[in-house]
Amino acid sequence: MGNLADRIEAYLKTILGEAEGGSIILQRGFLAKIFSCAPSQINYVLTTRFTVEKGYLVESRRGGGGFLRIVRLGFDEESNFHRLMNELLGEEVSQLRANNLLENLCEEDILTEREAILLKSVFADKIIGEFLSNTYAPRLRAKMMKEVLIGISRADLES
């Protein structure tokens, strides 16, 4: 496999996939020893590859009794989908955050790749920004993204 960050990401995703309840608790130092790296490299992977937009929630506590808790966010009924999406998206969403979330929905097989491409083009700055200022474009994108996610969750409940 590629670089160190790729290996750390793959390892964490593997143990997350095997974990009951979709969450794991680890120590940063333990991971650093496994990969023979500095703890800051673990932090880098967590902050760039395990973001909310990509479907993860990371809780970190530093120090002697410190730990990392990584939770895989689900898109099922029990995950309080609507509340979670409101918290995750907030009132504004950048094009990058929207794209990351759409990619996560593809990985979860909630959207097809074609659907994600279509939505990315609709949410693009070059489309929304052409009609709205930089102040309003992220707000419209957030509102549109929420409606898409609500539509997806309704379709899942009906099927």
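Reading the values: rules and limits
Residues numbered from 1 in each chain as written. Predicted model: local features only at pLDDT ≥ 70, side-chain atom pairs only at ≥ 80, totals over all residues. Heavy atoms only, no water. Helix = DSSP H or I, 4+ residues; strand = E, 2+ residues; numbered from the N terminus. Buried < 20%, exposed > 50% of the residue type's maximum accessible area, 1.4 Å probe, protein only. Contact = heavy atoms within 4.5 Å. Polar contact = N/O pair within 3.5 Å; in protein donor to acceptor, adjacent residues only side chain to side chain. Phe/Tyr/Trp six-rings, centres within 6.5 Å; stacked < 30°, edge-to-face > 60°. Salt bridge = Lys/Arg side-chain N within 4 Å of Asp/Glu carboxyl O.

**Student:** Sorry, what's going on with the overall build of the protein chain here?
**Tutor:** Each helix and strand counted, the protein chain has eight helices and three strands in total. The N-to-C order of helical and strand elements in the protein chain reads α-β-α-α-β-β-α-α-α-α-α. Looking at the protein chain as a whole, 38% of its 159 residues are labelled buried. Summarising the internal contacts of the protein chain: among those between residues at least 6 apart in sequence, 56% fall at separations of at least 24.

**Student:** When you look at the side chain of Arg28 in this model, what are you seeing that I'm missing?
**Tutor:** Along the chain, Arg28 turns up in helix α2 (residues 28-35). Only 2.6 Å separates the side chain of Arg28 from the side chain of Asn43, close enough to count as a polar contact.

**Student:** When you look at the packing of aromatic side chains in this model, what are you seeing that I'm missing?
**Tutor:** For any pair of aromatic rings, the description rests on two quantities: the centre-to-centre distance and the angle between the ring planes. If you walk through the whole model with that rule in mind, you get two aromatic pairs. Geometrically, the ring pair formed by Tyr11 and Phe35 is edge-to-face, given 5.5 Å between the ring centres and 75 degrees between the ring planes. Here Tyr11, found in helix α1 (residues 4-18), pairs with Phe35, found in helix α2; they are 24 residues apart in sequence, far enough to count as distant. Aromatic pair Phe50 and Tyr56: ring centres 4.7 Å apart, planes at 65 degrees, arrangement edge-to-face.

**Student:** When you look at the pattern of salt bridges in this model, what are you seeing that I'm missing?
**Tutor:** Side-chain pairing between opposite charges can occur once the charged atoms of the two side chains come close. Counted according to the given criterion, the structure contains six salt bridges. Across the salt bridge formed by Arg49 and Glu9, the nearest N and O atoms sit 2.8 Å from each other. Placement of the pair is Arg49 in helix α3 (residues 39-49) and Glu9 in helix α1, with a sequence separation of 40 residues. Here the two residues Arg49 and Glu9 agree in accessibility, since each one is buried. The residue Glu103 makes a salt bridge to Lys120 at a minimum N-O spacing of 3.1 Å. On the criterion of sequence distance, the pair formed by Glu103 in helix α5 (residues 95-107) and Lys120 in helix α6 (residues 113-123) is long-range, its members being 17 residues apart. Since its relative accessible area comes to 37%, Glu103 is described here as partly exposed. Of the residues examined, Lys120 reaches a relative accessible area of 23% and is grouped as partly exposed.

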